[in-house]
Protein chains: 2
Amino acid sequence: MPERPMGSSGAGQTRRRGAALEDAILRAAADELTEAGFARLTMDKVAIRAGTNKNAIYRRWPNRLTLAIAAYRRLATTVQPPDTGSLRGDVLEWLRQANRYWSSPQGAILRELFAAAGGATELLAQLQEQSGDAAAAPWLTILGRAIARGEASPEALHPRVATVAMTLLRNEFVVRGAPTAPDEVLVEIVDEVYLPLVRGRSAPPA
Amino acid sequence: MPERPMGSSGAGQTRRRGAALEDAILRAAADELTEAGFARLTMDKVAIRAGTNKNAIYRRWPNRLTLAIAAYRRLATTVQPPDTGSLRGDVLEWLRQANRYWSSPQGAILRELFAAAGGATELLAQLQEQSGDAAAAPWLTILGRAIARGEASPEALHPRVATVAMTLLRNEFVVRGAPTAPDEVLVEIVDEVYLPLVRGRSAPPA
DNA sequence: AGATTTACGGTACTGACCGTACCCTATTTG
DNA sequence: CAAATAGGGTACGGTCAGTACCGTAAATCT
C-alpha cells in the first residue's frame, strides 16, 4: 500500500505536472543560481531540489544554459529611471543603479550567463531584454526631459548616442572583469564623454 | 632494442625538454585553437598533437584556460594604426580593421577566451594586452595628428574619450554576439558619436 | 466508470574530459 | 659515472551533461 511519499524533502503530496512542476524547477534553478552561481549549478542538483528528476527538466529546456537563463528571469528586478531635475543628476544616478546591480550577486550571475552564452546571439538577446540595462527607452526618457530643459541637443535621441554611457559602464564589467566600478569612473563617463556628447555641437552653458 | 620511435606523428627524434617541448605544446595548442576553437580544445588532444602527454602540460600551466591564453599569443597579430590624412578616415579604417579581426576565426577564438575567462581579471588583462585592441596608444597617435590638423580638440586625448569608438565596437561583439558588425554601424559610431565627441565643445567645421 | 494517452519519477548509463598519481626512462648536471 | 631533473606511458578518480527505459500517477476521452 503505497502511501503518499511526501518525505521531508520538497516533494509535494501529489505528483505535480505542467505549470506547477515547471514553476518548481525554475524556482529550484533560481535558488541554485543565487547560492552557487551558474558554474556550479548542476542539473542533478536542480532536479533534486525541485523534488523531481532530470527528465522533467530536459523535457522543457534543451540544456543547462537555457534553463539557467530562464531561471534568471525570476531574479531580474525592474527599476525606474530617476528624475532628479538635472541631466547630470539623472545620468549619474542611473549609472550608479546599474553599477550597484552589476556589483551585486545577481549581477555576478548575469555576468556568468553572459560569458557562458559565448556568441549565442539568441541567448544574449534574451538576456539583454531580461536584464534591461541595454534598453534605450529609459535613456530616451531622461534625455527627453533634458532636451525640454535645454540641457541636451535633440540629436542625442539617436539610440547609439543615448545609450553610450551604459555601454561604457558595461564595458568595465564585461571586458575588464572588475567586481565593481569606482564612482570616479562613473563620474568620468558622465563628465568626459556623455554630457559633452549629448549637449551637442551647439554647446550652451558652462 | 628500443629504436627511436619517431613515428609519422610529431614526436621528434630525441626526447625534447624545456623550451623545445614548451614550444611544441604551445604550437599544438594554437593549432587546436584554430582548428577546433577553445570549447573543443582538450588537453588530451593537445598532448597527443604535441607528441607528449598531459604531464608535461600541467607541469607548465595550471589549467586548460591558461594554456589556451598562452597559446593564443601566437595567433595574435599586431597591426599599425592607419594614416589616411583625415581623422574620419583614420578612425573608420582603424575600426574596420578591428571589425575584420573580430569577425575572423582568430577573433572568434578571442571571444571564446574572453567568455571563458569570465570574471578572472588577471586573465582578462592578459588577453587585453595580447589582443591590443583596448590599447589607448594608437588612438592617441591618431588623435595627435588630428589635433595638429585642427580636426580634434586636445581634450580628446583623455584615454576614456580617445578609445570610445573601439569600446562601442567591441560592445557589438561581446554583448550582442554579432559575428560581424555591418559597416553602417561603424560609420554610425564614427559620425554620431566619435567625431562629435572629439571635436569638442568648440566645434569648428561642417 | 473504464480505457487511453500523456507526462513524472526512479534509476541506471554512456561518454567526455579535467586533473592527478605512479612508475619507468632519457637527459642533463656535477 | 652518479645523482638529480624532467619526459613519457598509462591508468584512474571524479564530475557532469545528456540519454534511455520502464513503471505509474494524472489527465483526457468515450
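Residues numbered from 1 in each chain as written. Chains lettered and ligands numbered in written order. Predicted model: local features only at pLDDT ≥ 70, side-chain atom pairs only at ≥ 80, totals over all residues. Heavy atoms only, no water.

Caption draft 1: Spotlight on the overall build of chain A. Tallying secondary structure elements over chain A gives 11 helices and 0 strands in all. Across chain A, helices and strands are ordered from the amino to the carboxyl terminus as α-α-α-α-α-α-α-α-α-α-α. Against the globule reference of 17 Å for 206 residues, chain A gives a C-alpha radius of gyration of 22 Å, more extended than a compact globule. Taking the principal axes of the C-alpha coordinates as reference, chain A spans close to 85 × 30 × 30 Å. A buried classification covers 46% of the 206 residues belonging to chain A. (Helix = DSSP H or I, 4+ residues; strand = E, 2+ residues; numbered from the N terminus. Rg over C-alpha atoms; globule rule 2.2 N^0.38 Å. Buried < 20%, exposed > 50% of the residue type's maximum accessible area, 1.4 Å probe, protein only.)

Caption draft 2: Region of interest: the protein's contact with DNA strand C. Near DNA strand C there are 24 residues, and of these Arg17, Thr52, Asn53, Asn55 and Arg60 of chain A occur at the shortest range. What you see for DNA strand C is that sugar and phosphate hold 56% of its atoms within 4 Å of the protein. At 3.0 Å from a phosphate oxygen of DNA strand C is found a main-chain nitrogen or oxygen belonging to Gly18 of chain A. Take Arg64 of chain B: an N or O atom from its main chain is 3.3 Å from a phosphate oxygen of DNA strand C. (Near = heavy atom within 4 Å. Polar contact = N/O pair within 3.5 Å; in protein donor to acceptor, adjacent residues only side chain to side chain.)

Caption draft 3: Region of interest: the pattern of salt bridges. All told, the structure shown has 30 salt bridges over all chains when counted by the stated rule. The salt bridge partner of Arg96 of chain A is Asp183 of chain A, with a shortest N-O separation of 2.8 Å. Of the two residues, Arg96 of chain A sits in helix H5 (residues 87-103) while Asp183 of chain A sits in helix H11 (residues 183-199), which places them 87 residues apart along the sequence. Taking the relative accessible area as the measure of exposure, Arg96 of chain A reaches 26% and is therefore partly exposed. Residue Asp191 of chain B is joined to Arg88 of chain B by a salt bridge in which the shortest nitrogen-to-oxygen separation is 2.7 Å. Of the two residues, Asp191 of chain B is situated in helix H11 (residues 183-199) and Arg88 of chain B in helix H5 (residues 87-103); the sequence distance between them amounts to 103 residues. (Salt bridge = Lys/Arg side-chain N within 4 Å of Asp/Glu carboxyl O.)

Caption draft 4: Broad picture of the protein's contact with DNA strand D. Within the structure, DNA strand D sits among 23 residues, and Arg17, Thr52, Asn53, Asn55 and Arg60 of chain B are positioned closest to it. When atoms of DNA strand D within 4 Å of the protein are sorted by moiety, sugar and phosphate together comprise 55%. Within the contact set of DNA strand D, a base oxygen lies 2.6 Å away from a side-chain nitrogen or oxygen of Lys54 of chain A. Note that a phosphate oxygen of DNA strand D is positioned 3.0 Å from one of the side-chain N or O atoms of Arg59 of chain B. Taken together, the elements giving at least two residues each to the surface near DNA strand D come down to helix H3 (54-58) of chain A together with helix H1 (18-36) of chain B. Of the residues forming the surface near DNA strand D, the biggest block, 3 residues, is contributed by H3 of chain A. Of the residues assigned to the surface near DNA strand D, the class counts are 4 nonpolar, 9 polar and 10 charged. (Nonpolar A, V, L, I, M, F, W, Y, C, P; charged D, E, K, R; others polar.)

Caption draft 5: Fine view of the domain arrangement of chain A. Residue and element names in this part refer to chain A. Taken domain by domain, chain A comprises domain 1 (18-72) and domain 2 (87-199). Look at where the C-alpha atoms of domain 1 and domain 2 centre, and you get two points 30 Å apart. Residue-level contacts link 10 residues of domain 1 with 12 residues of domain 2. Sorting the residues of domain 1 by area buried against domain 2 places Leu65, Ile69 and Tyr72 first, and these three jointly supply 64% of that buried surface. Taken together, domain 1 and domain 2 are joined by 0 salt bridges. On inspection of domain 1 and its partner domain 2, the count reaches 3 residue pairs in polar contact (both at pLDDT 80 or more). Per-element tally for the side of domain 1 that touches domain 2: the top contributor is helix H4 (residues 64-72), with 5 residues. The residue inventory of the side of domain 1 that touches domain 2, partitioned by class, reads 7 nonpolar, 3 polar and no charged. (Domains from an automatic or database assignment. Contact = heavy atoms within 4.5 Å. Buried area = accessible area lost by both parts, 1.4 Å probe.)

Caption draft 6: Geometry of the relation of the copies chain A and chain B. Of the two same-sequence chains, chain A is brought onto chain B (RMSD 0.1 Å, axial shift 0.0 Å) by a rotation of 180°. Here the symmetry operator amounts to a two-fold rotation axis. Relative to the rotation axis, the closest C-alpha in chain A is found at Ala115 of chain A, a distance of 2.1 Å. In this assembly, 100% of the residues forming the interface of chain A have copies in chain B that are likewise at the interface, indicating an isologous arrangement. (Least-squares fit on C-alpha atoms with pLDDT ≥ 70 in both.)

Caption draft 7: Structural detail: the nonpolar core. Within the largest apolar cluster, 132 residues are counted, with the highest numbers of intra-cluster contacts made by Leu95 and Trp139 of chain A together with Leu95 of chain B. Residues in contact with Trp139 of chain A, not counting those within four places in the same chain, are Val91, Trp94, Leu95, Ala162, Thr163, Ala165, Met166 and Tyr194 of chain A. (Core = buried A, V, L, I, M, F, W, Y, C linked by side-chain atoms within 4.5 Å.)

Caption draft 8: Looking closely at the interface of chain A and chain B. Across the boundary between the two partners, chain A contributes 30 residues, which contact 30 residues of chain B. Regarding the contact of chain A and chain B, the summed buried area is about 2,700 Å², with carbon and sulfur atoms giving 60% of it. Put simply, chain A and chain B have 4 salt bridges between them. As a salt-bridge pair, Arg160 of chain B and Glu188 of chain A come within 2.8 Å of each other at their nearest N and O atoms. Linking chain A to chain B there are 6 residue pairs in polar contact (both at pLDDT 80 or more). Breaking the side of chain A that touches chain B down by element, the ones donating at least two residues are helix H6 (105-117), helix H7 (121-131), helix H9 (159-162), helix H10 (164-174) and H11 of chain A. Per element, the largest residue contribution to the side of chain A that touches chain B is 8 residues, and it comes from H11 of chain A. Residues that form the side of chain A that touches chain B fall into these classes: 14 nonpolar, 8 polar and 8 charged.

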